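# A closer look at the structure
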Amino acid sequence: MSTIKPSRMIGFDRRFLWLLFPVLVAIYIANQRDIMTIPTERQVLPSNVRPSHYTLTLAPDLEEFVFEGRVKIDLDVNDASKTIVVNVQEIDISSAVLSVVSGETQTSTKITYDEDLQIATLYFANEVKAGSKAVLDISFKGILNDKMNGFYRSTYKDSEGNTKYLASTQFEATSARRAFPCWDEPAIKATFDVTLVVPTELTALSNMDVVSEEVHDSKKDVVYRTTPIMSTYLLAFVVGPFEYIEAFTSGEHNGRKIRSRVYTLPGTAYQGRHALQVCTEALEYFAKVFGEPYPLPKMDMVAIPDFDSGAMENWGLVTYRTVALLFDDERSSIETKKTIGYVVCHELAHQWFGNLVTMEWWDHLWLNEGFATWVGWFALDHIHPEWDVWTNFVTDSLPSALVLDSLRSSHPIEVAVKDPKEVSQIFDAISYLKGASVIRMLSSWLGVETFLEGIRQYIQAHKFSNASTDDLWAALSDAAGVDVSEFMTLWTRRVGYPLLRVTLNGSGSITVTQTRYLSTGDVKEEEDDTIWWTPLNILTPEGLESYTLTDKSQTFSVPSHGIFKINAGQKSIYRVNYPLETIEILSNEIKKGQDGLLKDSSDRIGLIDDAANLCISGDQSTVAFLRLAQNFENETDYFVWSQITIYLARIKRVWGYQPTEVQDQLTALTRHLFVPVINRLGWEFHSTEDDITKSLRVMAIDQAGDSKDPATIREANERFDRLIKGDNDAVYPSVRGEVYRIVIKSAETEEEKHQRFEEILSIYHDESLPNDQQLNALKALGSIKSDILLKKLLQMSLDEKQVRAQNIFSIITPIARNHESHALYWEFFKENYYLFEKKFVNSISTLGSLVQLAIQGFVSLDKIKEAEEFFADKEKSPYVRPLDQALEAARVNAKWLLRDHDSVASWASAYAVATQV
């Protein structure tokens, strides 16, 4: 349970604050301009008929890569109709028969298709009366495509090394229409009876459990139990040669034991044990915190070799990328274990928040993804409290949201979606991470138990139905006794967040003024019209002051000694710009360690994050951040070091084209910070130490090697040589990816570079290794300092016989994010643009990410202009948001470098002198 202590400013118990809240809100809202309203124009199907039930039969052909299907759809006729419009994409309808219950049966006279709108219109000779009930019987054919979208095929190797195929689905956001004619909108829910006709030797899975199997020669009809009422994007089918491991939940909170399974290709089911353990605990925990049992009879989780995203929350049949589900206790890394734990919790949270209660339209995508992100962390913290996941959230998720939302090209959490084809562009850090951060801020302010009571009310009111953001606010308001919407609507319907500027008044008080924060540092008056309701939570040696900023500028009491930090625990969404005097005081508190004010690592992380981003926007200097980083030389917390690493790496990338002597001193700073850490921890991993210590050791080795520490490079090469000779104990699994990178980067002669490249490439191709370890090797290859080998690697990324399409970023990201090789990727991207466009246009985010990686490495205005000219004549609608964001981020970096390159050069000269021995 999390509560806020009584405020000293008010001087009485916090429960009386509720009495003042309506008055404060009225004053607050009176100062606001009109809050953005979500437009209602949407590209939706006509409402003349609506489905209530689908009886669907599909027969996939895994040799010809097609499927045949038949669907009988029970319809309610709302308006007299002679036409019916359904969603289809790459579906060929061979016949459509409409039968009115106790009435006429007629075959469609004409069928037309609109490929752009992804619809088919069925025409009938006779009008069907309003109020009728009818059955629409459609026979059709489709493509079992290779796009990881819709009903698609995925490849694997059998025990003899032959390429084989399985079938899987990915229907979110709007790809159920690729598998069968349907009303493919989240609010048009129905029940489903599914039958799959598959080869007898294969396993066929769907959302519900099997009720019968009937064999016909070499095929079998697998019939599943009727689903609950649900949206089309949550339907799923998987067909392949799977094996499984099984466990049951305790039944303590569900009232019955839920059968849970992990399905894998043969020989790897044992790697599902960790995910299965998390699954059984999470299903019970969510039933408890949501106050609603899991409604399906089973939970299956399946590892799919080719999978576009990380996982998909299909109700009762969650599909995963292999690396997001399978963990080898002996050979996988601890980071893989943590990632799997979180992903499983995230997807299982969707079984309630998204599946049981579904967003009414894509405007409210954040209701699914933002909440599942927050509650995924919440459940993982319950299952693995030793992982300190909320500090991880502060280090990773919150900063990622703030970085994107500091751009003019960002978007509100609630973003108007007219055309469903636009949806893929908002599966981003705003919907997921800012959404989760807003929920974390609200749950902290209300108290977690009050917040969860509101969630329980929300679920009870809208289960098996649809809801909007306003419905969530209404339930939380009822639970809390305050109008939450007045506090939260600004956060979800306005883009951006505030920068709080602190002024010392010299009399035990401060003035806090809020403006919109932009990383460009040039906010205009018309962009600064929002006054956010902002919990300050001021930390002092005497305790916590729960002040709230409700105006453009307000004054608050602080201790006269001037030791304070705003946003204790980093639970609210803003940045803080302190005066130099306060920064110096907080720097001294850092040096005091656990005897200082900043005992909570989240507070030290927040200080680093604000300082780094304020130097990017020009509100502070880059030199000030570099000096702040030096104060952490005695730091012991993994997450604090992680945050320092992120921003030192960004500075080194932006300054990558500066004189060698500047780059060398930035590298030296990293080396001086991390070599003592590796000297203290050593290379050996111990079974008695906690996972966070192991993670810190991995980071220290990586940073010491990257900063050219001779001892670390030598040790990495010696251990790698032992590893490839068969000594598996030479390099601990959690640090192998880092060792591969150090080894390949330190290769000097052309002969040595080719040797190391081939050695690590052979590790990637070793099918006996866990998938995460293969990918660690693939990622390391992008660090080779050889244009010839990097070009070979980029070409390899296009060959799906060598690199699955889903793994293209394991090659491209390290090349694109390295200033020494970014130009190679830019040329490669331009040469292959139309290939990428064709291949990934239907992907949730792949095309946009390829675009961003091509541009974000630029730090000169000339190169940015070159990028703008390249994209000028392209069809940008599938990725216009990522493109605009990448161009703006590149301009931010260019402006930052122009502003601070001289001062950083002076710092480098002084640092070189100061650190000479």
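Residues numbered from 1 in each chain as written. Predicted model: local features only at pLDDT ≥ 70, side-chain atom pairs only at ≥ 80, totals over all residues. Heavy atoms only, no water.

### Here we look at the overall build of the protein chain
When helices and strands are tallied, the protein chain shows 27 helices and 30 strands. The globule rule puts the C-alpha radius of gyration for 917 residues at 29 Å, and the 28 Å found for the protein chain is close to it. Taken along its principal axes, the extent of the C-alpha atoms in the protein chain is 90 × 75 × 60 Å. Per-residue burial for the protein chain yields a buried fraction of 60% across its 917 residues. Element-wise, carbon and sulfur atoms account for 49% of the exposed surface of the protein chain, whose accessible area totals about 34500 Å². Counting 91 positive and 127 negative side-chain charges, the protein chain places the averaged centre of each group 1 Å from the other. (Helix = DSSP H or I, 4+ residues; strand = E, 2+ residues; numbered from the N terminus. Rg over C-alpha atoms; globule rule 2.2 N^0.38 Å. Buried < 20%, exposed > 50% of the residue type's maximum accessible area, 1.4 Å probe, protein only. Areas by Shrake-Rupley, 256 points an atom, 1.4 Å probe, with all protein chains shown as cover. Lys, Arg positive; Asp, Glu negative; His and termini not counted. Charge placed at Lys NZ, Arg CZ, Asp CG, Glu CD.)

### Here's the deal with the sheet that holds strand E8 (residues 133-143)
With mixed pairing, the 8 strands of this open sheet are ordered in space as E5-E4-E8-E2-E1-E11-E14-E13. Because the sheet does not close on itself, it has two edges, and the strands there are strand E5 (105-107) and strand E13 (210-216). Averaged over all adjacent pairs, the angle separating strand axes in this sheet is 15 degrees, with direction ignored. Both E13 and strand E14 (residues 219-224) contribute to a ladder of 6 bridges, which runs antiparallel. If you follow Val210 over to E14, its bridge partner there is Tyr224. (Pairing = 2+ DSSP bridges. Axes fitted to C-alpha atoms, helices over the stretch in contact; angles between N-to-C directions.)

### Things to note about the pairing of strand E15 (residues 237-240)
Here E15 shows two buried faces, one formed by Phe237 and Val239 and the other by Val238 and Gly240. As paired strands, strand E12 (residues 203-206) and E15 are joined by 4 bridges and run antiparallel to one another. Each bridged residue has a counterpart across the sheet, and for Leu205 the counterpart in E15 is Val238.

### Examining the environment of Leu597
Position of Leu597 among the secondary structure elements: in the loop between helix H11 (580-591) and helix H12 (601-617). Of the residues examined, Leu597 reaches a relative accessible area of 8% and is grouped as buried. Counting along the chain gives 55 residues from Leu597 to Glu542, while the straight-line C-alpha distance between them is 9.7 Å.

### As for the environment of Ser95
Tracing the backbone through its elements, the reader meets Ser95 in strand E4 (residues 91-100). Not counting residues up to four positions away in its chain, the partners in contact with Ser95 are Asp137, Ile138 and Ser139. (Contact = heavy atoms within 4.5 Å.)

### Structural notes on the side chain of Gln665
Relative to the elements of secondary structure, Gln665 occurs in helix H15 (residues 660-681). Judged by its relative accessible area of 15%, Gln665 is buried. Apart from residues lying up to four places away in sequence, Gln665 is in contact with Trp907, Ala908, Tyr911, Ala912 and Thr915.

### Digging into the packing of H12 against helix H27 (residues 880-914)
The geometry of H12 relative to H27 is characterised by a closest axis approach of 8 Å and an angle of 85 degrees between their N-to-C directions. Comparing the axis directions of H12 and H27 gives the class roughly perpendicular. In this structure, H12 uses Cys615, Ile616 and Ser617 to contact H27, whose residues at the interface are Val892, Trp896, Arg899 and Asp900. Classifying every residue of the contact of H12 with H27 gives 4 nonpolar, 1 polar and 2 charged. (Parallel < 35°, antiparallel > 145°, perpendicular 65-115°, else oblique. Nonpolar A, V, L, I, M, F, W, Y, C, P; charged D, E, K, R; others polar.)

### Re the packing of aromatic side chains
Going through the model one piece at a time under the given rule, you end up with 57 aromatic pairs. Ring geometry for Tyr294 versus Trp352: centroids 5.8 Å apart, planes at 55 degrees, classification tilted. With a gap of 58 residues between them, Tyr294 in the loop between helix H2 (273-290) and strand E18 (298-304) and Trp352 in the loop between helix H3 (334-350) and strand E21 (357-359) connect regions that are remote in the sequence. For Trp352, a relative accessible area of 0% corresponds to the buried category. (Phe/Tyr/Trp six-rings, centres within 6.5 Å; stacked < 30°, edge-to-face > 60°.)

### Quick look at the pattern of salt bridges
Counted under the stated rule, the structure contains 52 salt bridges. Note that Lys753 is salt-bridged to Glu750, the shortest N-O span being 3.7 Å. Taken together, the positions of Lys753 and Glu750, both in helix H19 (residues 750-764) and 3 residues apart, correspond to about one turn of that helix. A residue is classified by how much of its surface remains accessible, and Glu750, at 42% relative accessible area, is partly exposed. Put simply, Lys830 and Glu866 hold a salt bridge, and the shortest N to O gap is 3.1 Å. (Salt bridge = Lys/Arg side-chain N within 4 Å of Asp/Glu carboxyl O.)

### Overview of H19
Between its first and last C-alpha, H19 extends 21 Å over 15 residues, near the 21 Å set by a 1.5 Å rise per residue. What H19 keeps buried is the set Lys753, Arg756, Phe757, Glu759, Ile760, Leu761, Ile763 and Tyr764. (Expected span 1.5 Å × (residues − 1).)

### What to know about the side chain of Thr846
Counting through the fold element by element, Thr846 comes out in helix H25 (residues 846-855). Of note is the side chain of Thr846, whose polar atom sits 3.1 Å from the side chain of Asp308. With residues near it in sequence (within four places) discarded, Thr846 still touches Asp308, Phe809 and Phe840. (Polar contact = N/O pair within 3.5 Å; in protein donor to acceptor, adjacent residues only side chain to side chain.)

### Structural notes on the sheet that holds strand E7 (residues 119-128)
Spatially, the 3 strands line up as an open sheet ordered E3-E7-E6, and their pairing is antiparallel. The open sheet has two free edges, formed respectively by strand E3 (81-87) and strand E6 (110-114), since each of these has just one partner strand. In this sheet, neighbouring strand axes are inclined to one another by 25 degrees on average, regardless of whether the strands run parallel or antiparallel. Alignment of E6 against E7, held across 5 bridges, turns out to be antiparallel. Within E7, the residue paired with Tyr113 across the bridge is Ala120.

### Things to note about unusual backbone geometry
That bond from Glu172 to Ala173 is cis: its omega, 10 degrees, falls within 30 degrees of zero. You can see Ala173 is positioned in the loop between strand E10 (163-170) and strand E11 (191-199). A positive phi angle, close to 55 degrees, is found at Asp217, a residue other than glycine. If you trace the backbone, Asp217 turns up in the loop between E13 and E14. Phi at Asn537 is positive, roughly 45 degrees, even though this residue is not glycine. Mapped onto the elements of the fold, Asn537 is located in the loop between strand E25 (534-535) and strand E26 (538-540). With a relative accessible area of 6%, Asn537 lands in the buried category.

### Section: H2
For the α-helix, the turn length of 3.6 residues means that residues three or four positions removed from each other point alike. Over its 18 residues, H2 runs 26 Å from end to end, which matches the ideal 26 Å to within 8%, given 1.5 Å per residue. Counting buried positions along H2 gives 14 out of 18 residues, so the element sits mostly inside the fold. One or two steps after H2, the chain reaches Gly291, where phi turns positive at roughly 65 degrees.

### Here we look at the UniProt feature "domain: ERAP1-like C-terminal" (unreviewed entry) in the protein chain
Look at the UniProt record and you will see "domain: ERAP1-like C-terminal" (unreviewed entry) annotated at residues 564-891. Taken end to end, residues 564-891 comprises 66% helix and 1% strand; its first and last C-alpha atoms sit 35 Å apart. (UniProt positions renumbered as here; feature names shortened; annotations may be inferred.)

### Comments concerning the packing of helix H4 (residues 365-383) against helix H8 (residues 448-462)
Two elements in contact, H4 and H8, have axes whose closest approach is 14 Å; the angle formed by their N-to-C orientations is 135 degrees. Judged by the angle between their axes, H4 and H8 are oblique. You can see that H4 and H8 cross each other, and the crossing is left-handed. Note on element contacts: H8 touches H4 through Val448, Phe451, Leu452, Ile455 and Tyr458, opposite Leu367, Phe371, Trp374 and Phe378. Tallied by class, residues from the contact of H4 with H8 come to 9 nonpolar, no polar and no charged. (Left-handed = near helix turned anticlockwise from the far one by under 90°.)

### Considering the nonpolar core
Counting 305 residues, the largest nonpolar core has Leu136, Phe180, Trp183, Ile566, Tyr825, Phe829 and Ile855 as its most contacted members. Contacts of Ile566, omitting those with residues within four sequence positions, involve Leu500, Val502, Ile510, Val512, Leu536, Asn537, Ile538, Tyr574, Val576 and Tyr578. (Core = buried A, V, L, I, M, F, W, Y, C linked by side-chain atoms within 4.5 Å.)

### A short note on the environment of Ala134
Looking at the secondary structure, you find Ala134 in strand E8. The spacing of Ala134 and His350 is 216 residues in sequence and 33 Å in space, taken between C-alpha atoms. Setting aside its immediate chain neighbours within four residues, Ala134 contacts Ile73, Asp74, Leu75, Val77, Leu98, Ser99, Val100 and Val101.

### Digging into the state of the cysteines
Within this structure, the stated rule accounts for 0 disulfides. Cysteine Cys345 is unpaired, with the sulfur of Cys279 as its nearest cysteine sulfur at 9.3 Å. For Cys345, a relative accessible area of 0% corresponds to the buried category. (Disulfide = S-S within 2.5 Å.)

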